[in-house]
Protein chains: 2
Amino acid sequence: MRDGDRPSQCCLLLSGWACRYKLLSEGRRQILSFHIPGDPPDLQSLHIQTMDHSLATLTEAKVAFISHESLRDLTARFPGIAAILWRDTLVDAAVFREWMVGMGRRSAFERIAHLFCELYLKLQAVGLAENYRCPLPVTQADLGDALGLSNVHVNRVLQEMRGKSLITLRSHTLVIEDWRELLRFAEFDPSYLRLKKRAMA
Amino acid sequence: MRDGDRPSQCCLLLSGWACRYKLLSEGRRQILSFHIPGDPPDLQSLHIQTMDHSLATLTEAKVAFISHESLRDLTARFPGIAAILWRDTLVDAAVFREWMVGMGRRSAFERIAHLFCELYLKLQAVGLAENYRCPLPVTQADLGDALGLSNVHVNRVLQEMRGKSLITLRSHTLVIEDWRELLRFAEFDPSYLRLKKRAMA
DNA sequence: CAGCAGCTATGATCTAGATTAACATATCAT
DNA sequence: ATGATATGTTAATCTAGATCATAGCTGCTG
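Because the structure is predicted, anything quoted here is derived from the model rather than measured.

Enquirer: Which residues make up the sheet that holds strand β8 (residues 173-176) of chain B, and what are the values?
Expert: Residues and elements named next belong to chain B. If you walk across this open sheet you meet the three strands as β6-β8-β7, and the pairing is antiparallel. Each edge of the open sheet is held by one strand with a lone partner, namely β6 (133-135) and β7 (167-170). Taking each pair of neighbouring strands and ignoring which way they run, the sheet shows an average axis angle of 15 degrees. Across three bridges, β6 lies against β8 in antiparallel orientation. Residue pairing for β8: P135 is matched across the bridge by T173. Contacting β6, β7 and β8, helix α3 (residues 108-125) runs over the sheet at an angle of about 90 degrees to β6.

Enquirer: Account for the protein's contact with DNA strand D, with residues named and values stated.
Expert: With respect to spatial proximity, 15 residues lie near DNA strand D, and among them Q140 and N155 of chain A together with A108, S150 and H153 of chain B are the closest. R162 of chain A is positioned with one of its side-chain polar atoms (N or O) 3.1 Å from a phosphate oxygen of DNA strand D. R156 of chain B is positioned such that a nitrogen or oxygen atom in its side chain is 3.3 Å from a base oxygen of DNA strand D. For the surface near DNA strand D, the element with the highest residue contribution is helix α5 (residues 151-163) of chain A, accounting for five residues.

Enquirer: Which residues make up unusual backbone geometry, and what values go with them?
Expert: Residue and element names in this part refer to chain A. Even without being a glycine, Y132 presents a positive backbone phi close to 60 degrees. Owing to a relative accessible area of 30%, Y132 belongs among the partly exposed residues under this scheme. In this model, H172 sits at a positive phi of 60 degrees, which is unusual for a non-glycine residue. Mapping H172 onto the fold places it in the loop between β7 (167-170) and β8 (173-176).

Enquirer: Explain the sheet that holds strand β6 (residues 133-135) of chain A residue by residue, including any values.
Expert: All names here are of chain A. The strand order β6-β8-β7 describes an open sheet built from three strands, whose pairing is antiparallel. Among the strands making up the open sheet, the edge pair consists of β6 and β7. Within this sheet the neighbouring strands show an average axis-to-axis angle of 15 degrees, counted without direction.

Enquirer: Can you tell me about the interface of chain B and chain A, naming the residues and giving the values?
Expert: Contacts between the two partners involve 49 residues from chain B and, on the opposite side, 49 residues from chain A. Regarding the contact of chain B and chain A, the summed buried area is about 4500 Å², with carbon and sulfur atoms giving 63% of it. Of all residues in chain B, W86, R97 and R105 of chain B give up the largest surface area on contact with chain A, accounting jointly for 21% of the area buried on that side. Scanning the region where chain B abuts chain A turns up twelve salt bridges. For R194 of chain A, the salt bridge identified is with D52 of chain B, shortest N-O distance 3.4 Å. Across the contact surface, chain B and chain A share 29 residue pairs in polar contact (both at pLDDT 80 or more). Contributions of two or more residues to the side of chain B that touches chain A are made by β2 (18-23), β3 (29-35), α1 (68-77), α2 (79-105) and α4 (140-147) of chain B. The residue makeup of the side of chain B that touches chain A, split by class, is 22 nonpolar, 13 polar and 14 charged.

Enquirer: Tell me about the relation of the copies chain B and chain A, and name the residues and values.
Expert: Structural alignment of chain B on chain A gives an RMSD of 0.0 Å, achieved by rotating through 180 degrees and translating 0.0 Å along the axis. This pairing of chains is accounted for by a two-fold axis. Interface overlap between copies: 100% of the residues of chain B at the interface are likewise at the interface in chain A, consistent with a symmetric, same-surface contact.

Enquirer: Account for the pairing of β2 of chain B, naming residues and giving values.
Expert: Residue and element names in this part refer to chain B. Of all six residues in β2, five are buried, a share of seventy percent or more. Judged from the six bridges that link them, β2 and β3 form a sheet pairing that is antiparallel. Paired with L23 across the two strands is R29, which belongs to β3. Following β2, the chain reverses through five residues before pairing antiparallel with β3; E26 in that reversal takes a positive phi of roughly 60 degrees. Both β2 and strand β4 (residues 54-57) contribute to a ladder of four bridges, which runs antiparallel. Across the sheet, Y21 pairs through a bridge with S54, a residue of β4.

Enquirer: Before we move on, could you go through the domain arrangement of chain A and cite the residues and values that matter?
Expert: Residues and elements named next belong to chain A. We note that the domain assignment places domain 1 (1-105) and domain 2 (107-201) within chain A. Spacing between the C-alpha centres of domain 1 and domain 2 amounts to 22 Å. Taken together, the contact pairs 19 residues of domain 1 with 24 residues of domain 2. In total, about 1800 Å² of surface goes out of reach between domain 1 and domain 2, with carbon and sulfur atoms giving 65% of it. A salt bridge links D39 to K122, with the shortest nitrogen-to-oxygen separation between them at 3.8 Å. Only β3 (29-35) and α2 (79-105) provide two or more residues apiece to the side of domain 1 that touches domain 2. It is α2 that contributes the most residues to the side of domain 1 that touches domain 2, nine residues altogether. A class-by-class count of the residues in the side of domain 1 that touches domain 2 yields eleven nonpolar, three polar and five charged.

Each value, and the rule that gives it
Residues numbered from 1 in each chain as written. Chains lettered and ligands numbered in written order. Predicted model: local features only at pLDDT ≥ 70, side-chain atom pairs only at ≥ 80, totals over all residues. Heavy atoms only, no water. Pairing = 2+ DSSP bridges. Helix = DSSP H or I, 4+ residues; strand = E, 2+ residues; numbered from the N terminus. Axes fitted to C-alpha atoms, helices over the stretch in contact; angles between N-to-C directions. Contact = heavy atoms within 4.5 Å. Near = heavy atom within 4 Å. Polar contact = N/O pair within 3.5 Å; in protein donor to acceptor, adjacent residues only side chain to side chain. Buried < 20%, exposed > 50% of the residue type's maximum accessible area, 1.4 Å probe, protein only. Buried area = accessible area lost by both parts, 1.4 Å probe. Salt bridge = Lys/Arg side-chain N within 4 Å of Asp/Glu carboxyl O. Nonpolar A, V, L, I, M, F, W, Y, C, P; charged D, E, K, R; others polar. Least-squares fit on C-alpha atoms with pLDDT ≥ 70 in both. Domains from an automatic or database assignment.

Now the structure itself:
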């Protein structure tokens, strides 16, 4: 789905990863969010007709579609459902805020560390990660475009993290070797994700 | 209102400016949004109990409070009102997305230009700006904290903009001397703001 | 109307991260 | 297997913007 489209349905990611992004001149791209199974990546289209960004899959993915019509009917008849969906869009915005803090005020190292903490917890919450091991099916260029960094610098920071025995990252699998330390570097506070409490230490 | 608070009411800004921000270690601050009269700067608190950021006024301000209780009652009984408020939070998120693009992929000059375009149009929409002249009651340090720049660099870019006869900025009043050119530099597309159509050229 | 505090302005220096350019390693299609 | 194309890695160089240091404003308080 592209910037400028006027979709008539929302989708729900059933498997695989997706991302939202915007393009600027000279090939500049900003990835706005990563999406994993269980996410409704374009709920906003229900109330904001034309897309102000694009949506793409990053892997093979399975997607369910629900028409705006039926969603509107549902939310009009069941305010509780409307509230739940509304809340989801508010958590989405909370993640945007955290990313803004990262891009404005965190170093490259802190930014990458923070993103890894975020992705791990989100994956864990839907049962796709455990033992500090999770899939990470994105390229280093994708990470750069998400964090406002060049692919070269992303690579260097990853090497540095490996050097510090913080993580390993091979064949699209991230292993967090020292969760406590990674949290500390990132100044990561998971409360913005609004996940059910679990062992996060 | 502070990060971590659990407010029992939402507010509506009647006059003056406010901003939302987050703090990091070593005094780093990221301003997340500016708010002008007419904005409900903490609507998210209706569905997300604890604040993940702080809210402060930037000027003298008048504020109306509406209890969560009455808002919940209102939205449960009138799905149309819920939809309108929900939509407002979605536009809020669209502005976050645009700021993320700025911080990740725009130069300091482009970022400042973009912010000026955005603020001017938002003020114009509520009748607080015309003839390319609007109030801007924030310090250069505030602009820096909003855009991920140092106050020194903000100052230098402002000088550059004055040098190009793009703007004047004195005693908290911004005058856009060359709107077309400012738009062009910023790669600004106003559609994300979802304002009623007006003369924007 | 002096004096202080918060801004704005400007120069000098430094640095995190960008850019460019190889080259190496996967992954994939035939 | 074999080339083709997307990734990852590393080094050398460059630069936008940070940091540090002053000084000049502006406006407020006593």
